[in-house]
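# Notes for the structure review
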Amino acid sequence: MKARDTDFPISDADRSTSDMAWRSVSYLTAGILFYGGIGWLLGQYFGHKSAFIAAGVIIGIVLALYLTYARVSFMERDTTTSDLRKPPQ
Amino acid sequence: MNLATIATEDACHLNSGCGFPAPNAEIFFLEPYSLTLFGHHLLISKSIILALLVALIVITFFVAVSRSSKLVPSKLQSIGEQAYLFIRDQIAREVIGKEGDKFVPFLGSLFFFIWICNLMGVVPGAQFPVMSSLAFPVALTLMVYITYVYLGMKHQGPIKFFTNAAFPPGVPKAMYVLLTPLELLGLLVTRPVTQAIRLFANMFAGHLLITTFTVGAYYLLSPSIIGALGSATSFGVTVVLTGFEMFIQGLQAFIFTLLTAVYIGGSLHAEH
Amino acid sequence: MSILAEVTGSLGSIGYGLAAIGPGIGIGIIFGQGVQAIARQPEAYGVIRQNMILGFALAEALALIGFVVPFVFGA
């Protein structure tokens with residue numbers, strides 16, 4: 001059976017943001033791993049390992065949250081305005 | 001053997017002073033069966049036997065369903081059609097879109113294989129969730145990973161696939177130095193790792209929880225009021241948890257398949 | 001002062017278990033209320049989901065901090 005347009009209740013714009021919640025977890029993990037890892041390396045070199053890792057982890061989380069915020073607000077920019085202009089059904 | 005003899009027999013119970021034998025991760029490392037096949041000595045673990053059995057069940061079911069398909073479906077055929085339509089409408093078309101129909105066989109086999117594998121955790125006689133051995137989720141995730149990286153390189157171009165993901169839109173140019181590592185790590189490392197760990201950890205923890213309460217029911221069974229009440233409560237919790245675990249098993253299979261569809265969909269359409 | 005009680009074994013796991021309670025409740029509230037809001041006002045779907053994801057990411061960050069802390073200060 002061929003797929004008709006009415007078989008797809010969700011628009012492409014909506015679909016592209018639907019995985020954003022999963023993706024934010026992935027960003028957070030990546031941020032903690034990468035910047036925590038850099039902190040660990042710096043700690044190996046300079047001493048005060050715990051302080052460097054903790055600072056790296058915090059920086060990684062902040063950057064991951066910023067990235068999530070930037071992605072979400074950029075993606076939703078088109079859909080949000082069009083949604084508000086649409087008359088309520 | 002009735003309950004009274006179990007409660008008073010000379011084993012580890014509440015007042016015998018042996019302490020609660022809490023189950024730990026060792027219950028997942030069973031002694032492998034050894035057998036000799038064509039002169040080769042083989043060690044086969046329970047999870048491999050169960051996985052092969054599950055593969056056989058799933059293949060047999062779908063072959064039997066689609067062998068003699070008619071316009072007016074028989075009972076078996078309509079069950080198979082429901083299964084197919086569930087994957088197509090709830091996962092493939094909902095998440096991937098118009099190109100989704102091509103991936104229904106892949107997503108369908110993935111979903112039913114994982115689901116029946118998980119279900120082996122509560123089937124009497126088997127009672128070992130296959131996906132609680134980390135190797136199985138990892139192997140499935142590697143398959144999915146290769147699929148979506150290949151599809152992304154094919155549909156977006158081998159270099160474009162990475163540059164599209166590496167430079168997030170809507171961010172000042174100076175931030176790219178800080179954020180590009182996160183995007184690339186997220187795409188290539190944490191995505192597959194979290195996908196595998198999520199399935200593994202849920203099955204592992206669920207099985208451990210059920211085992212703990214089952215062992216608790218056995219341990220508390222002793223000729224005293226606290227023992228009898230505690231044992232009954234623990235057994236009741238086991239029954240409730242088994243029902244809950246069956247729900248989690250279906251849910252985790254669904255989430256794994258859904259994430260696969262999300263990643264495939266993300267590889268097919270470049271973000272802008 | 002004599003020791004009255006002592007906890008031994010994998011303290012990091014206990015700490016993570018405790019740290020996951022709050023974010024668990026928080027994520028539940030975020031998505032529960034989010035679904036309710038979408039049901040009440042479907043035309044504001046985009047805005048609601050945007051804020052839902054941001055709140056979810058903030059709560060999830062706390063759970064991940066709880067996961068990392070034993071590695072940082074444990075060794």
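Provided above is the structure to which this section pertains.
Below is a summary of the structure that appears in this document. (Residues numbered from 1 in each chain as written. Chains lettered and ligands numbered in written order. Predicted model: local features only at pLDDT ≥ 70, side-chain atom pairs only at ≥ 80, totals over all residues. Heavy atoms only, no water.)

### Looking at the overall build of chain A
Each helix and strand in chain A was counted, giving 3 helices and 0 strands. The helix and strand sequence of chain A, counted from the amino end, reads α-α-α. Taking the contacts inside chain A whose residues are at least 6 apart along the sequence as the reference set, 62% of them involve residues at least 24 apart. (Helix = DSSP H or I, 4+ residues; strand = E, 2+ residues; numbered from the N terminus. Contact = heavy atoms within 4.5 Å.)

### Thoughts on the interface of chain A and chain C
Between chain A and chain C, the residue contacts involve 23 residues of the former and 18 residues of the latter. Together chain A and chain C conceal approximately 1,900 Å² of surface at their shared face, both sides included; 76% is due to carbon and sulfur atoms. For the pair chain A and chain C, the number of links is 0 salt bridges. The tally of links from chain A across to chain C stands at 1 residue pair in polar contact (both at pLDDT 80 or more). Counting only elements with at least two residues in the side of chain A that touches chain C, the list comes to helix H1 (12-17), helix H2 (20-46) and helix H3 (49-85) of chain A. Per-element tally for the side of chain A that touches chain C: the top contributor is H3 of chain A, with 13 residues. (Buried area = accessible area lost by both parts, 1.4 Å probe. Salt bridge = Lys/Arg side-chain N within 4 Å of Asp/Glu carboxyl O. Polar contact = N/O pair within 3.5 Å; in protein donor to acceptor, adjacent residues only side chain to side chain.)

### Topic: the interface of chain B and chain A
Residue-level contacts link 31 residues of chain B with 26 residues of chain A. With both chains or domains summed, chain B and chain A bury close to 2,600 Å², and 67% of this area falls on carbon and sulfur atoms. Scanning the region where chain B abuts chain A turns up 1 salt bridge. The salt bridge involving arginine 71 of chain A is made with glutamate 183 of chain B; its shortest N-O contact spans 3.0 Å. Here chain B and chain A share 5 residue pairs in polar contact (both at pLDDT 80 or more) between them. Those elements that provide at least two residues to the side of chain B that touches chain A are helix H3 (75-96), helix H7 (176-220) and helix H8 (225-268) of chain B. Here the element with the most residues in the side of chain B that touches chain A is H7 of chain B; it accounts for 11 residues. A breakdown of the residues in the side of chain B that touches chain A according to their chemical character gives 16 nonpolar, 6 polar and 9 charged. (Nonpolar A, V, L, I, M, F, W, Y, C, P; charged D, E, K, R; others polar.)

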